[in-house]
Amino acid sequence: QVQLVESGGGLVQPGGSLRLSCAASGFTFSADAMSWYRQAPGKERELVAAITSAGGRRTYADYVKGRFTISRDNVKNTVYLQMNSLKPEDTAVYYCNVRLLGTTVWGQGTQVTVSS
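Read on for a plain summary of the structure. Counting of residues starts from 1 at the beginning of each chain's written sequence and follows it residue by residue. For this predicted model, a pLDDT threshold of at least 70 governs which residues receive local features, and a threshold of 80 or more governs which side-chain atom pairs are given and counted, while totals over whole chains, interfaces and linings are taken from all residues. To get the side-chain values, take all heavy atoms of the structure and skip hydrogens and water.

## Notes on the state of the cysteines
This is how it is decided: When the sulfur atoms of two cysteines come within 2.5 Å, that pair is taken as a disulfide. Secondary structure elements follow DSSP: runs of H or I no shorter than four residues count as helices, runs of E no shorter than two count as strands, and numbering proceeds from the N terminus. Exposed residues in this analysis have more than 50% of their type's maximum accessible area, buried residues have under 20%, and partly exposed residues fall in between, with area computed by a 1.4 Å probe over protein chains only.
Here the structure, examined in full by the defined rule, presents 1 disulfide. One disulfide in the model links Cys22 with Cys96; its S-S distance is 1.9 Å. Taking the sign of the torsion about the S-S bond as the criterion, the disulfide between Cys22 and Cys96, at about 45 degrees, is right-handed. Separated by 74 residues along the polypeptide, Cys22 in strand S3 (residues 18–25) and Cys96 in strand S9 (residues 92–100) bring together distant segments of the chain. Given a relative accessible area of 0%, Cys22 falls into the buried group. Classification of Cys96 as buried rests on a relative accessible area of 0%.

## Considerations on the side chain of Arg72
Stated formally: Note that His is not counted, nor are the chain ends; the positive residues are Lys and Arg, and the negative ones are Asp and Glu. When a carboxyl oxygen of Asp or Glu lies within 4 Å of a side-chain nitrogen of Lys or Arg, that pair is called a salt bridge. Pairs of N or O atoms within 3.5 Å make up the polar contacts considered here, provided that, within protein, one atom can donate a hydrogen while the other can accept it, and that residues adjacent in sequence are counted only when both atoms are side-chain atoms. The contact definition used throughout considers only heavy atoms, calling two residues in contact when any of these lie within 4.5 Å.
Positionally, Arg72 belongs in strand S7 (residues 68–73). Buried and unpaired, Arg72 has Asp32 as its nearest opposite-charge partner, separated by 6.8 Å. Reaching out from Arg72, the side chain makes a polar contact with the backbone oxygen of Phe29 at a distance of 2.7 Å. Among the polar contacts made by the side chain of Arg72, one reaches the main-chain carbonyl oxygen of Thr52 at a distance of 2.9 Å. Excluding residues within four positions of it along the chain, Arg72 makes contact with Phe29, Ser30, Asp32, Ala33, Met34, Ile51, Thr52, Ser53, Gly55, Thr78, Val79 and Tyr80.

## Structural notes on the pattern of salt bridges
Taken as a whole and judged by the stated rule, the model has 4 salt bridges. Notably, a salt bridge pairs Asp90 with Arg38, separated by 2.9 Å at the nearest N-O pair. Taken as a pair, Asp90 in the loop between strand S8 (78–83) and S9 and Arg38 in strand S4 (residues 34–39) lie far apart in primary sequence, 52 residues in all. The salt bridge involving Lys65 is made with Asp62; its shortest N-O contact spans 3.2 Å. Taken together, the shared-partner salt bridges in this structure form one network comprising Arg38, Glu46, Arg67 and Asp90.

## Considerations on unusual backbone geometry
With a phi angle near 55 degrees, Asn77 is a residue other than glycine that sits in the positive phi range. By the secondary structure assignment, Asn77 is in the loop between S7 and S8. Positive phi is not limited to glycine here, since Leu101 has a value of about 50 degrees. Examined against the element boundaries, Leu101 turns out to sit in the loop between S9 and strand S10 (103–106).

In structure tokens, the structure reads:
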């Protein structure tokens, strides 16, 4: 079945960096756009970044532009989120996401905490 497994979260100081990974299986990864979302406590889930199937087009939320980079490896069936210059307000659970035949599939999420 379709599965998305995120990893790479953790505790980091403000200004630090983390690289999240999302390993995909159960579908033709190279044929589908992928996205990263996040959800902070008490807030709605929000789009962070998205990348097209071949990686040629990337979009970012304004609050992460210039700090985060989304990428993918269609051989390893993995999408990444490189996060630099992290701020306390980036604290959230981060999820990867794929939309297949009108159904949205989510991973279990990985916690990112930015704190001194």
